[in-house]
Amino acid sequence: MAASELLSAPAADPAPGRAPDPAPAIEHTYRANLDGLRSIAVYLVLLFHTGLPWAEGGFIGVDLFFVLSGFLVSTVLLDEIEQTGRLRVGRFYARRVRRLLPAAVVVVVATAATFTVIWSVVRRLEIVGDAQSALLYYANWHFLAASGDYFAADTDKSPYLHFWSLAIEEQYYVVFPVLLLLLSRFGRRFMLWSLLGLMGLSLAAQLYWAQVDTTHAYYGTDARLYQLLAGAALAVAMRRGLGGALTHRSSTVIGTVGLAGLLVLGSGLVGMAASWRGIGATVVAGLLIGGLVLAPRQPVSRALSRPVPVFLGRISYGTYLWHWPVIIALTTLLDTSPWAIAGFALALSTGLAALSYQVVEMPIRKAPSLNRFGWATAVVGVSASAVLAVSVVPNILENDRRPQLSETTYSPAGSTTGDGAGGDEPVPSGIDWEAAAADRGESHTCAADRPDDCIVERGSGPHVLFIGDSQAMSFVPLFRRMASEHDFTLSLNVTAGCPWQEGLANDNQADNGARTCESARVGWYDRALPELDPDIVVLLDRPRDDEKDWGTLIKRRDGKDQPLDRAVYETTQETLGKVSEVADKTVVVQRLVMPEDFNPLDCLASSSTIGQCAVAVPNTPSSSDGFYAAAAAQSDDIVTVNLNDVFCATAPVCQPMDGDQVVWRDDHHYTASYVEARSAGVWKAFQDAGVFTGKG
């Protein structure tokens with residue numbers, strides 16, 4: 001999904017036989033082969049991100065970058081500590097700011113400007129926080145939090161996603177120089193064992209999170225530090241004579257095995273979990289780096305030391321920065337094969353990186369006037385980045401302008417035009433896009449042993465229990481309003497991504513969402529439902545019965561292997577049976593008209609007329625509607641209600657706006673305010689179905 005940033009150990013472009021920085025610095029041996037190794041890492045990542053099937057494991061470029069970074073930076077720091085007995089921490093931070101921040105700022109701002117041309121403001125609003133986290137180096141935690149938010153935009157579509165790895169490295173290097181200086185006071189042996197101990201703790205965190213939350217295992221700093229620490233431990237171990245007894249041939253074999261292992265793991269040849277692939281990549285990266293350092297004249301080393309891979313390695317930081325926004329832009333504008341995307345992305349990313357290297361990175365890294373500043377450079381750089389994050393980036397991304405290169409017209413299925421019934425009206429100006437996108441309603445549930453926590457409104461009329469998923473969330477304000485107007489008691493068991501059928505599990509959820517869903521369904525109908533003892537139960541969710549969309553995502557909780565339609569049918573019957581045993585009336589809301597394959601809000605922000613974003617009413621009912629109707633035919637206590645006439649008065653084509661109200665906030669949710677405004681129509685539909693007859 002993402003990759004790592006790469007670290008150049010020298011603060012300026014190094015050359016053999018001299019110090020890497022124009023300022024007085026500690027000399028160390030420059031290894032061209034390690035620069036060449038960076039080129040392998042960055043292009044593994046690039047090819048992985050283009051979707052090429054034989055590069056399915058290319059994300060291990062992140063692991064190689066982390067290990068290589070830990071090795072090189074530790075080598076530079078240890079040189080200074082051992083030769084001077086001290087470490088100029090301020091100068092270290094200043095070098096990192098000069099090395100990393102200018103190019104990163106250029107990419108963040110340039111990406112923001114570019115996407116104002118190809119994305120609507122609706123999509124750009126979703127990445128404001130992404131850009132800010134990139135500039136302030138907390139992107140990994142930002143994306144980790146977003147992965148647990150059911151309503152967050154797809155993080156893998158963010159052009160700033162790849163900054164997560166830079167964030168991990170900078171969080172690490174805020175502390176590591178001081179730690180290394182302290183450990184050096186106790187000798188190399190103590191230092192090595194301390195680093196190995198810390199590495200073991202981080203590795204344990206990786207293994208733990210791999211079982212509990214795979215996203216945390218990928219993005220969490222605690223679960224990734226072992227790779228940086230592995231590089232640092234390798235640097236210390238080699239100073240203690242590790243490999244000193246190895247022959248040149250043995251070192252050559254080690255390096256060759258490491259490279260072969262890296263390429264195998266980076267391909268799709270070996271199937272394994274991401275965590276184990278990362279651990280394996282850390283091992284082979286250590287072998288490869290060690291082999292290259294111990295046998296610098298072996299064939300692999302000589303190949304990596306050639307001018308082309310060395311140059312590509314030197315600009316690999318820029319290549320990494322540019323490659324992901326370039327890929328996102330290309331896939332937005334072009335409908336073509338992964339091979340074509342890979343070719344364009346490789347050329348564009350490398351070209352932009354080479355330009356950035358010459359025009360932005362090197363002039364700042366080599367500027368003699370900056371050499372005398374230490375802490376001041378670091379503070380000014382970080383402060384400037386913060387100012388950009390707070391002021392400049394939001395102003396660019398929040399600019400309400402239509403995209404110029406990718407405006408799309410959506411025509412409803414089965415119709416030649418969305419005009420008519422208001423469809424030919426221009427898209428109103430002044431729409432609060434951010435508010436519309438966030439108008440999602442309310443989630444509320446309770447534990448099976450605390451059913452009273454589900455009661456949100458108390459009245460003298462019947463007790464209504466409303467159960468559902470994120471589509472139901474849009475209806476919660478409506479039900480609260482009806483409860484107030486018609487004086488009934490309302491309980492809620494509504495949580496995003498969670499089918500109301502007890503026996504169905506939705507794998508299209510983050511781990512925390514899956515746990516919440518399980519708590520709100522499994523055993524809940526047996527324990528909480530009888531305690532609540534509702535008069536009426538209303539069930540509403542998004543049908544998840546299409547084999548193409550849900551065949552690999554919806555499973556039975558009991559592990560029974562069934563075709564999707566059979567699993568949905570049986571679990572529907574089972575849950576309806578439990579509900580109807582308790583409630584006087586069970587109401588199942590039929591499939592609601594949703595765009596499904598496009599976002600009308602995004603479309604409105606990109607289009608000139610409302611009709612360009614119209615939505616067609618489906619010609620055929622969903623399988624789930626048939627299951628509900630069959631259950632209703634078998635029991636007088638179960639009824640189905642179709643609310644589509646309430647929400648689409650212009651059927652068979654539904655407009656995305658009704659007056660000044662936005663109808664849909666994304667491809668499968670109404671805005672909660674639009675739903676609430678139709679409370680009278682919904683109430684009448686329920687009454688016509690006999691739901692509240694004689695009950696209020």
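Here we summarise the structure given alongside this text. None of the values given here were measured: they were computed from a predicted structure. (Residues numbered from 1 in each chain as written. Predicted model: local features only at pLDDT ≥ 70, side-chain atom pairs only at ≥ 80, totals over all residues. Heavy atoms only, no water.)

1. Considerations on a negative patch on the surface
Point 1. Taken together, D546, E547, D549 and D565 make up a surface patch of like negative charges.
Point 2. With respect to the helices, strands and loops of the structure, D565 is situated in helix α24 (residues 564–582).
Point 3. D565 sits in the partly exposed class, given a relative accessible area of 42%. (Patch = residues over 30% accessible without salt bridge, like charges linked within 9 Å, V, L, I, M, F, W, Y side chains within 5 Å. Areas by Shrake-Rupley, 256 points an atom, 1.4 Å probe, with all protein chains shown as cover. Salt bridge = Lys/Arg side-chain N within 4 Å of Asp/Glu carboxyl O. Lys, Arg positive; Asp, Glu negative; His and termini not counted. Charge placed at Lys NZ, Arg CZ, Asp CG, Glu CD. Helix = DSSP H or I, 4+ residues; strand = E, 2+ residues; numbered from the N terminus. Buried < 20%, exposed > 50% of the residue type's maximum accessible area, 1.4 Å probe, protein only.)

2. A closer look at the sheet that holds strand β9 (residues 638–641)
Point 1. With mixed pairing, 6 strands are arranged side by side in an open sheet as β1-β3-β2-β5-β7-β9. If you trace the sheet from one side to the other, it starts and ends with β1 (455–457) and β9, each paired once. Strand-to-strand twist of the sheet, defined as the mean angle between neighbouring strand axes without regard to direction, takes the value 25°.
Point 2. As paired strands, strand β2 (residues 463–468) and strand β5 (residues 536–540) are joined by 5 bridges and run parallel to one another. (Pairing = 2+ DSSP bridges. Axes fitted to C-alpha atoms, helices over the stretch in contact; angles between N-to-C directions.)

3. Examining the state of the cysteines
Point 1. Tallying each qualifying case throughout the model produces 4 disulfides.
Point 2. Between the sulfur of C648 and that of C654 lies a disulfide, 2.0 Å long from S to S. Measuring the twist about the S-S bond at about -105°, one finds the C648-C654 disulfide to be left-handed.
Point 3. Owing to a relative accessible area of 6%, C648 belongs among the buried residues under this scheme.
Point 4. Given a relative accessible area of 1%, C654 falls into the buried group.
Point 5. Each bonded cysteine of the protein is numbered by sequence order, and under that numbering the disulfide pairs are 1-2, 3-4, 5-6, 7-8. (Disulfide = S-S within 2.5 Å.)

4. Focus on the packing of helix α5 (residues 128–136) against helix α17 (residues 375–397)
Point 1. Here α5 crosses α17 at 160°, and the two axes come no closer than 9 Å. It follows from the interaxial angle that α5 and α17 lie roughly antiparallel. In the crossing of α5 with α17, the sense of the turn from one axis to the other is right-handed. Judged by residue contacts, V128, A131, Q132, L135 and L136 of α5 engage S385, A386, L388, A389, V390, V393, P394 and L397 from α17.
Point 2. Per-class residue counts for the contact of α5 with α17 are 11 nonpolar, 2 polar and no charged. (Parallel < 35°, antiparallel > 145°, perpendicular 65-115°, else oblique. Left-handed = near helix turned anticlockwise from the far one by under 90°. Contact = heavy atoms within 4.5 Å. Nonpolar A, V, L, I, M, F, W, Y, C, P; charged D, E, K, R; others polar.)

5. Here's the deal with unusual backbone geometry
Point 1. Omega for the peptide link from A651 to P652 comes to 15°, which places this bond in the cis form.
Point 2. You can see P652 is positioned in the loop between α27 (644–647) and β10 (653–654).
Point 3. In the Ramachandran plot, Y137 falls in the positive-phi region, its phi being about 60° despite a non-glycine side chain.
Point 4. Counting through the fold element by element, Y137 comes out in the loop between α5 and α6 (139–147).
Point 5. Classification of Y137 as buried rests on a relative accessible area of 18%.

6. Looking at the nonpolar core
Point 1. Within the largest apolar cluster, 113 residues are counted, with the highest numbers of intra-cluster contacts made by L34, L37, F71, F163, L195 and I289.
Point 2. Looking at which element gives the most residues to this core, the answer is helix α3 (residues 89–118), with 14 residues.
Point 3. The residues touching L34, leaving out its near neighbours within four places in the chain, are L68, F71, L72, I289, L292 and V293. (Core = buried A, V, L, I, M, F, W, Y, C linked by side-chain atoms within 4.5 Å.)

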